Amino acid sequence: MSVFESFRDKIFRVADPDARVRVSREEINSFARSGNDFIRIPQGQEVIVREVFLLDNGAAAGRIFALAQAADGSALGWTSTRNLAGSFRNETLGLVKPGRGAGRFGPNAAWSRGKYLGQIELVKIVSTDLKIRHIALGTIDDYTTMSVAAAEAGIRLTVNSGFRSYPEQKFLWDGYQRKLPGFNLAAKPGISNHQSGIAFDLDVAGGPGNQTYDWLAMRGPDFGFFRTVNREFWHWECDPIRARQLASINTFKTSNVIV
Ligand SMILES: [Zn+2]
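Residues numbered from 1 in each chain as written. Predicted model: local features only at pLDDT ≥ 70, side-chain atom pairs only at ≥ 80, totals over all residues. Heavy atoms only, no water.

Within the secondary structure, Ser6 is located in the segment before strand 1 (12-13). Reaching out from Ser6, the side chain makes a polar contact with the backbone nitrogen of Thr92 at a distance of 2.7 Å. (Helix = DSSP H or I, 4+ residues; strand = E, 2+ residues; numbered from the N terminus. Polar contact = N/O pair within 3.5 Å; in protein donor to acceptor, adjacent residues only side chain to side chain.)

Averaged over the protein chain, the pLDDT score is 93; the fraction of residues at 70 or greater is 96%. When the elements of the protein chain are averaged for pLDDT, helix 4 (residues 240-248) gives the smallest value, 86, and strand 10 (residues 109-112) the largest, 98. (pLDDT = per-residue confidence, 0-100.)

What follows covers the coordination of the zinc ion. Distances from the zinc ion to its protein donors, namely His194 (NE2), Asp201 (OD) and His235 (ND1), fall within the range 2.1 Å. All donor residues of the zinc ion come from one chain, and their arrangement in sequence is H-x6-D-x33-H. Residue His194 is found in the loop between helix 2 (166-177) and strand 15 (199-202), and its partner His235 is found in strand 17 (residues 235-238); the two are separated by 41 residues along the sequence. Looking at His194, the relative accessible area reads 2%, which means it is buried. (Donors = N, O, S within 2.8 Å, 3.2 Å for Na, K, Ca; no water. Buried < 20%, exposed > 50% of the residue type's maximum accessible area, 1.4 Å probe, protein only.)

Our next topic: the sheet that holds strand 8 (residues 75-80). Strand order in the open sheet made by the four strands is 1-6-7-8, with antiparallel pairing throughout. Of all strands in the sheet, those with a lone pairing partner are strand 1 and strand 8, marking the two edges. Here seven bridges tie strand 6 (residues 46-54) to strand 7 (residues 64-70), and the two strands are oriented antiparallel to one another. Each bridged residue has a counterpart across the sheet, and for Glu51 the counterpart in strand 7 is Leu67. (Pairing = 2+ DSSP bridges.)

Now for the environment of Ile39. Note on placement: Ile39 falls in the loop between strand 4 (37-38) and strand 5 (40-41). Along the primary structure Ile39 and Arg22 are separated by 17 residues, whereas in three dimensions their C-alpha atoms are 8.4 Å apart. Setting aside anything within four residues of it in sequence, one finds Ile39 in contact with Ala19, Arg20, Val21, Ala32, Arg33 and Ser34. (Contact = heavy atoms within 4.5 Å.)

In terms of residue burial, strand 12 (residues 122-126) counts as a mostly covered element, since four of its five residues are buried. Where strand 9 (residues 92-96) lies against strand 12, three bridges are found, and the strand directions are antiparallel. Residue pairing across strands places Leu95 opposite Val123, the latter belonging to strand 12. Looking at chain direction, strand 12 and strand 13 (residues 132-136) are connected through five bridges and run antiparallel. When the sheet's bridge partners are listed, Leu122 is paired in strand 13 with Ala136. Hairpin connection from strand 12 to strand 13: five residues lie between these consecutive antiparallel strands, with Leu130 at a positive phi of about 70 degrees.

Core analysis: the largest hydrophobic core is formed by 21 residues, its most contacted members being Tyr143, Met146, Leu202 and Trp215. Among residues more than four places away in sequence, those in contact with Tyr143 are Asn90, Ile125, Ile135, Leu157, Thr158, Val159, Phe200, Leu202 and Phe225. Phe7, Ile64, Leu84 and Leu93 belong to the second-largest nonpolar core, a separate cluster that totals 20 residues. (Core = buried A, V, L, I, M, F, W, Y, C linked by side-chain atoms within 4.5 Å.)

What follows is the structure in C-alpha cells.
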C-alpha cells in the first residue's frame, strides 16, 4: 500500500443509489448520458480507483472525483468520491513537496516555538468534512499504522486538522481572538504544534464516552499519540519517543497551554 496514495489496491463499494458518471475528467461537471438517461454505477458495485482528480486544487469539500473501474477491468467512469462508502475519508491523495524558493510563510514551512524550522514534505489526506488537509510526511507511518489498528477494532479515525501553514494558523488565531462563530482555541501563529507537523485534531465528538476517544485514550500511546491540551479532547500529538517515556512512568498529563 502506498502511504501517499492509500486508495490504490483497495476495493471501494458504491453506496449512493444515484451514483452518476461524469462525461470525462475535462468535463467533470457534466453528467454522462445514454439517450435521455443518466449513466449510473449500480449501488453495491465494487470498484477499484485508478485515478483521483481534485477540482479547484482540492480546497473545497466534495470536489474529489475518482476514475472507477470494475474488478473485472471494465471501465465505469469518473464519479464523485461521495458516492463511495466512507466517501474517501482518511484516504491519502499524494505528496506535496515544497516549491522552489518557498519561504517561511509558504504552504510547506514548518515552525516550532516561534522559530522557522524549514520546509517539510506533506501528504494530502481527506478529512472528516471531506476537505483536503495536510499532514507531515514524518508522521504518516505512525498515523497510518494507528488508523489501520483502529479500523480493525471497528473505529474509523479521521482528521479535522493536521499540518497548518503560518497563514492558516494566523487565520484561526484571528478568528479566535475576535470570538467569531466556529472558531476554537488557537495558538498564536509560529507557536502552534500544528505548524511543526506533530499535532492532529481528530474527530472524537464530545471526548470521553465517545468510542473513538476511548479507543485513542487506551491505544494511542502504543502508536506514539497522546493528548497535551486540557480543554481540547480532539488535539493529539505524534511523538513516539516521548510517548514511550511517558508510558514507562504511566503519566500523560495535559496542560492549559494552547498549542
Ligand atoms: Zn489542535
